[in-house]
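# Reading the structure
Here is how the chains run, residue by residue.
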Amino acid sequence: MTELNWAVEQIRVGDADLVVERAGQGPLVLLLHEELGCPGTTEWQVELAKNHTLIQVHHPGFSRTESVQWISSMRDLACFYAWFLREQKLTPTAVIGFSLGGWIAAEMAANDPSLFSKITLVGAAGIQPPVGEILDLYMITADEYLRRSVIDPTATAEFGSLYGIEQTPEQYEAFEEARAETARLAWKPYMFNQSLPNLLEAVANVPTLIIWGEKDQIVPFSVGERYRAAIPGSELLTISGAGHRPEIEQKEEFLKAVKGFLG
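Residues numbered from 1 in each chain as written. Predicted model: local features only at pLDDT ≥ 70, side-chain atom pairs only at ≥ 80, totals over all residues. Heavy atoms only, no water.

Looking now at the packing of aromatic side chains. If you walk through the whole model with that rule in mind, you get 8 aromatic pairs. Ring geometry for Trp44 and Phe98: centres 5.5 Å apart, planes at 45°, overall tilted. In this pair, Trp44 sits in helix H1 (residues 43-48) while Phe98 sits in strand E5 (residues 93-98), placing the two residues 54 residues apart along the sequence. For Trp44, a relative accessible area of 2% translates into the label buried. According to the relative accessible area criterion, Phe98 is buried, its value standing at 12%. On the basis of an interplanar angle of 65° and a centroid distance of 6.2 Å, the ring pair of Trp70 and Phe80 is categorised as edge-to-face. With Trp70 in the loop between strand E4 (53-57) and helix H2 (74-87) and Phe80 in helix H2, the pair connects residues that are 10 residues apart, well separated along the chain. Exposure remark for Trp70: the relative accessible area of 38% places this residue in the partly exposed category. Among the aromatic residues, those joined into a cluster by ring pairs are Trp44, Phe98 and Phe254. (Phe/Tyr/Trp six-rings, centres within 6.5 Å; stacked < 30°, edge-to-face > 60°. Helix = DSSP H or I, 4+ residues; strand = E, 2+ residues; numbered from the N terminus. Buried < 20%, exposed > 50% of the residue type's maximum accessible area, 1.4 Å probe, protein only.)

Among the nonpolar cores identified, the biggest contains 68 residues, and Leu32, Tyr81, Phe84, Met108, Phe116, Leu200 and Tyr227 are the most heavily contacted of them. Setting aside anything within four residues of it in sequence, one finds Phe84 in contact with Ile11, Val13, Leu18, Val20, Val57 and Leu90. Formed by 22 residues, the second largest nonpolar core is a distinct cluster that contains Val29, Trp44, Leu48 and Ile211. (Core = buried A, V, L, I, M, F, W, Y, C linked by side-chain atoms within 4.5 Å. Contact = heavy atoms within 4.5 Å.)

All right, on to empty space enclosed by the protein then. One pass over the full model with this rule turns up 1 cavity of 30 Å³ or more. Lining the largest cavity are 21 residues, and of these Glu34, Pro39, Phe98, Arg245 and Glu247 lie nearest its centre. Those elements that place two or more of their residues in the lining of the largest cavity are strand E3 (28-32), H1, helix H5 (159-163) and helix H9 (246-249). Grouping the constituent residues of the lining of the largest cavity by class yields 10 nonpolar, 7 polar and 4 charged. (1 Å grid on protein atoms, 1.4 Å probe; cavity = no way out; pocket = protein on both sides within 12 Å on 5 of 7 lines; lining within 4 Å. Points joined across faces, edges and corners; volume = space filled by probe spheres on them. Nonpolar A, V, L, I, M, F, W, Y, C, P; charged D, E, K, R; others polar.)

Right, let's talk about the pairing of E3 for a bit. Here E3 lies mainly inside the structure; 4 of its 5 residues are buried. The pairing of E3 with E4 spans 5 bridges and is parallel. Note that in E4 the partner of Leu32 across the bridge is Val57. For the crossover from E3 across H1 to E4, the handedness is right-handed. With 4 bridges connecting them, E3 and E5 associate as parallel partners. The residue bridging Val29 from the neighbouring strand is Ala94, located in E5. (Pairing = 2+ DSSP bridges. Right-handed = clockwise from strand over helix to strand, strands pointing away.)

On to helix H8 (residues 221-230), then. Within H8, burial applies to Ser222, Val223, Gly224, Tyr227 and Ala230. Where H8 is buried, its residues contact helix H3 (100-111), strand E6 (116-122), helix H7 (196-199), strand E7 (208-213) and strand E8 (235-239).

Consecutive side chains of a regular strand alternate in pointing toward one face of the sheet and then the other. Here 5 bridges tie E7 to E8, and the two strands are oriented parallel to one another. Across the sheet, the residue bridging to Gly213 is Ile239, located in E8. What joins E7 to E8 is H8, and the crossover it makes is right-handed.

Here we take up the packing of H2 against H3. Two elements in contact, H2 and H3, have axes separated by 9 Å at closest approach and are oriented at 70°. One element, H2, and the other, H3, form an angle in the roughly perpendicular class. Note on element contacts: H3 touches H2 through Leu100, Trp103, Ile104, Glu107, Met108 and Asn111, opposite Met74, Arg75, Leu77, Ala78, Cys79, Tyr81, Ala82 and Leu85. In terms of residue class, the contact of H2 with H3 is built from 11 nonpolar, 1 polar and 2 charged. (Axes fitted to C-alpha atoms, helices over the stretch in contact; angles between N-to-C directions. Parallel < 35°, antiparallel > 145°, perpendicular 65-115°, else oblique.)

Turning our attention to unusual backbone geometry. Residue Pro92 is reached from Thr91 by a cis peptide bond, and omega for that bond is -10°. Along the chain, Pro92 turns up in the loop between H2 and E5. Residue Pro189 is bonded to the preceding Lys188 through a cis peptide linkage, with omega at -5°. When you line up the elements, Pro189 lands in the loop between helix H6 (169-186) and H7.

These values are about where atoms sit, not about what they do.
Here you go:
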């Protein structure tokens, strides 16, 4: 298992105790995890932490942070995180959001672009696909959803260490909690906000990098193209030989792009 010395704390935000992990040194980078929760420490995080301070939050209702009942939509969650960043005097910060976490970052930026210095969206949900459909997390098991998120699980070195060849009872419970909370926040319409593309024009002055695996089976590539069209001046990078998880499928290319973008 990949190691990184995370300092874990609970930070009070309103009536909620948010679980926050910190590691590394240098300029801040906020990490927003996907719809199945935080997978654990990855090799790319270890590399990035050599020159950046990573702040990884655990979304309310996703195992480590207790659910917050008044947060009933993705926009609520985005406002909650904006509240956290302002209270902790962390703005403006760079952000990297994955899948559902990318959607959160986009909602935050659309509401208040001054929160961020740079935005990286990786296979982000949040926009209705012009072509294709976002894979339904509830039509298949969490295990099958995970396997479809990469081109070839057996050829992806970190897949087994992050998600387990055989799920433990603890992993199964964590995945089910995450699926339940994702349904509560993003069920209807499923995994997108109809108004988001229109609001993203406000993000014109924030450098934005959009990263997509060329064979993403979870969120269609057309969503990446729509993000590129919606955010003025943004760049769309396609990573070949990757599905929904380019950060572990093509780690070196992903890291090169992110390091170059963050500077």
